[in-house]
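Structural overview
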Amino acid sequence: MLNDEFFGFTEIYREKPFSTEDATVFQTLVRQVAIPLQSASFTQELKATNRKLQKLERLKSEFISIVSHELRTPLTAIKNAMDIILSGKAGDMTENIEKFVSMGKRNALRLSGIINDLLDISKIEAGKMDFKFELMDVKPVIEYVKTNLTEVAKEKGLQIVFTPSDENVEVYADSNRLEQVLTNLVSNAIKFTTEGNIEISTKVVNARELHYDQCFEEDIKKLQGNYLQVCVEDHGIGIERKDLNHVFDKFAQIENSLSRKVGGTGLGLPIARQLMEAHNGAIWCDSEINQGSKFYFVIPIANDKSNFMMIRKQLVQQARSNGTTVAVIKIKSTNDTIEKLLRENNLLNKTYMANSMIEKEGLMTTLSLILMDGDKPSAEFLHKKIDSVIEQNKDLYGKCDIMYSYEIEGDTHEKDSYSG
Ligand code: ADP
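Residues numbered from 1 in each chain as written. Predicted model: local features only at pLDDT ≥ 70, side-chain atom pairs only at ≥ 80, totals over all residues. Heavy atoms only, no water.

Digging into the packing of helix α4 (residues 175-191) against helix α7 (residues 268-278)
In a pair of packed helices, the angle between the axes and the distance between the axes together describe the arrangement. Where α4 contacts α7, the two axes come as close as 10 Å, and the packing angle between them is 145°. For the element pair α4 and α7, the recorded crossing hand is left-handed. Where α4 abuts α7, its residues Arg-177, Leu-178, Gln-180, Val-181, Asn-184, Leu-185 and Asn-188 lie against Gly-268, Leu-269, Ile-271, Ala-272, Leu-275 and Met-276. Grouping the amino acids of the contact of α4 with α7 by side-chain chemistry returns eight nonpolar, four polar and one charged. (Axes fitted to C-alpha atoms, helices over the stretch in contact; angles between N-to-C directions. Helix = DSSP H or I, 4+ residues; strand = E, 2+ residues; numbered from the N terminus. Left-handed = near helix turned anticlockwise from the far one by under 90°. Contact = heavy atoms within 4.5 Å. Nonpolar A, V, L, I, M, F, W, Y, C, P; charged D, E, K, R; others polar.)

As structure tokens, then:
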């Protein structure tokens, strides 16, 4: 018996009668055996429940994605029809008709925003969000969002001010996704503010210097190195301290705020959080009720040695999400001649290892990106070596893009990209 429940029995047989001590020993033994058996059965139950939950989660994501697609197509047709009416191509209309069709269009656009949010969150949760990372300057994206939302802000008597940092740094990011995050933050700032400017600023910061509320510790403690920080500040209704982290939860809208009145899905910030995570960055906020809010996000600065590994991880993630298989080949950095280097570090073998790795893992038909770690001469040597293997086995390897990275005087440079 375990916890007053019958669990099982053990049969022990011998010709000689059992003594009381024997019985005690057997009882203890049986209990000792029962405990791990019980936890094993618990584990199995847990695994089965987990599998069920994962399946449900997948079904839910698929459901949202299918429904959203089905909604998007007719909605696009509605929007197009309204555009034609408003352009006057379908004939003259009275002021009243124009007013109502414009109202219809505004709501169709709103609905389309909600559907896009639902699609995004289901894609992110299913790990199917596509990213197009590239080296870029964030300033033009901020300027673009500012221009886009200036009219909306003006309607409420608000102004958007952008103060860029003096440093010219580049980040490795998806500009469309950045625009999406910024648009959400600035729209929220406009929504929840009645007077005062909306201020956007950028700054280069080290992860150790970041200021944040304790509730964001989990998100920020994993950061290291230098980042570009973007801050969107408003002087609106603010958020209570207990709700600071909560605003990043799915479908969360803070009670007693304008939220119900101004509408929204409560998906903008959770999407922004996931997008920032995919950029190896973070997003958080600081606020005081009735004083205003500051929303910050950070993205690792490219060409920064401390961020090199992270950026490479991003490349690998991107390659994987495109269905590409990635091989990472490591070579030790040294200034010696290639031959000496190869002999001393057994690099020739490693080259073969790279080949056999490709073959062993059955990558030959899918491989299209190889990242190489190490200094330039050895990276180039390896490059040539692999190139010739690929050349000899064209039918096996197909198209192969080799990106290689190497170190010069302690600096990390990325040189892309070789197509063979
Ligand atoms: P939505 O704005 O569509 O409701 P979000 O995820 O963007 O969804 O925001 C969630 C909630 O966080 C908002 O409903 C609001 O309660 C709160 N919030 C977001 N930004 C601000 C802000 N700048 N000032 C005050 N509250 C905010």
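Considering a nonpolar patch on the surface
Together, Met-1, Phe-6 and Phe-9 line one region of the surface with nonpolar side chains, adding up to about 450 Å² of accessible area. By secondary structure assignment, the location of Phe-9 is in the segment before α1 (20-87). The exposure class assigned to Phe-9 is exposed, which follows from its relative accessible area of 69%. (Patch = residues over 30% accessible without salt bridge, like charges linked within 9 Å, V, L, I, M, F, W, Y side chains within 5 Å. Areas by Shrake-Rupley, 256 points an atom, 1.4 Å probe, with all protein chains shown as cover. Salt bridge = Lys/Arg side-chain N within 4 Å of Asp/Glu carboxyl O. Buried < 20%, exposed > 50% of the residue type's maximum accessible area, 1.4 Å probe, protein only.)

Observations regarding the pairing of strand β2 (residues 160-163)
Here β2 shows a buried face lined by Ile-160 and Phe-162 and an unburied face lined by Val-161 and Thr-163. Of the pairings in the sheet, the one linking β2 to strand β4 (residues 198-206) comprises four bridges and is parallel in character. Across the sheet, Thr-163 pairs through a bridge with Ser-201, a residue of β4. (Pairing = 2+ DSSP bridges.)

Some remarks on the side chain of Asp-234
Looking at the element boundaries, Asp-234 is found in the loop between β5 (226-233) and α6 (259-262). Buried and without a salt bridge, Asp-234 has Lys-156 as its closest oppositely charged side chain, separated by 9.8 Å. Apart from residues no more than four positions distant in its own chain, Asp-234 is found in contact with Ala-189, Thr-193, Asn-197, Ile-198, Gln-291, Gly-292 and Ser-293. (Lys, Arg positive; Asp, Glu negative; His and termini not counted.)

A few points about the sheet that holds β4
The five strands are arranged β2-β4-β5-β7-β6 in an open sheet whose pairing can be described as mixed. Two strands in the sheet have a free side with no partner beyond their single neighbour: β2 and β6 (282-288). With strand direction ignored, the average angle separating the axes of adjacent strands in the sheet is 20°. Where helix α3 (residues 139-155) meets the sheet, its contacts fall on β2, β4 and β5, and the angle it forms with β2 comes to roughly 165°. The sheet contacts of α4 involve β2, β4, β5, β6 and β7 (292-300), and relative to β7 the element is tilted by about 170°.

What to know about α4
When the terminal C-alpha atoms of α4 are compared, their 24 Å separation across 17 residues agrees well with the 24 Å that a helix rising 1.5 Å per residue should span. Within α4, burial applies to Arg-177, Leu-178, Val-181, Leu-182, Asn-184, Leu-185, Val-186, Asn-188, Ala-189 and Ile-190. Its side-chain oxygen placed 3.0 Å from the backbone nitrogen of Asn-176, Asp-174 serves as the N-cap of α4. (Expected span 1.5 Å × (residues − 1). Polar contact = N/O pair within 3.5 Å; in protein donor to acceptor, adjacent residues only side chain to side chain.)

Quick notes on the nonpolar core
Among the nonpolar cores identified, the biggest contains 62 residues, and Leu-178, Val-186 and Phe-297 are the most heavily contacted of them. For this core, the element with the highest residue contribution is α4, accounting for seven residues. Not counting chain neighbours up to four residues away, the residues in contact with Val-186 comprise Val-145, Leu-149, Ile-160, Ile-198, Ile-200 and Val-232. (Core = buried A, V, L, I, M, F, W, Y, C linked by side-chain atoms within 4.5 Å.)

Regarding the environment of Leu-275
Residue position: Leu-275 is located in helix α7. Exposure remark for Leu-275: the relative accessible area of 1% places this residue in the buried category. Separated by 144 residues in sequence, Leu-275 and Phe-131 place their C-alpha atoms 9.4 Å apart. Contacts of Leu-275, omitting those with residues within four sequence positions, involve Ile-124, Met-129, Phe-131, Arg-177, Gln-180 and Val-181.

Describing the environment of Phe-162
With respect to the secondary-structure elements, Phe-162 resides in strand β2. Taking the C-alpha atoms as reference points, Phe-162 and Lys-146, 16 residues apart in sequence, are found 7.9 Å from one another. Residues in contact with Phe-162, not counting those within four places in the same chain, are Lys-139, Ile-142, Glu-143, Lys-146, Ile-200 and Thr-202.

Remarks on α3
Look at α3: 25 Å from first C-alpha to last across 17 residues, which is about the 24 Å you get at 1.5 Å a residue. The axis of α3 is deflected most strongly, by about 45°, at Leu-149. Restricting attention to buried positions, one finds in α3 the residues Val-141, Ile-142, Val-145, Leu-149 and Ala-153. Downstream of α3 by one or two residues, Gly-157 has phi in the positive range, about 75°. (Bend = angle between axes of the 7 residues up to and from the residue.)

Considering unusual backbone geometry
Leaving glycine aside, a negative phi is the common case for residues, and trans is the common case for peptide bonds. Unusually for a residue other than glycine, Asn-280 sits at a positive phi of about 60°. With respect to the helices, strands and loops of the structure, Asn-280 is situated in the loop between α7 and β6. Asn-280 gets classed as buried once you look at its relative accessible area, which sits at 10%. Despite not being glycine, Asn-290 has its phi angle at roughly 65°, a positive value. With respect to the secondary-structure elements, Asn-290 resides in the loop between β6 and β7. We classify Asn-290 as exposed; its relative accessible area is 60%.

Things to note about the pattern of salt bridges
What the rule picks out here adds up to nine salt bridges. Note that Asp-22 is salt-bridged to Arg-14, the shortest N-O span being 2.5 Å. What makes Arg-14 partly exposed here is its relative accessible area of 33%. The closest approach of N and O atoms between Lys-242 and Asp-243, which form a salt bridge, is 3.4 Å.

A word on the state of the cysteines
Enumeration according to the criterion identifies zero disulfides in this entry. Among the cysteines around Cys-215, which has no disulfide bond, Cys-285 carries the closest sulfur, lying 7.2 Å off. With relative accessibility at 28%, the residue Cys-215 sits in the partly exposed group. (Disulfide = S-S within 2.5 Å.)

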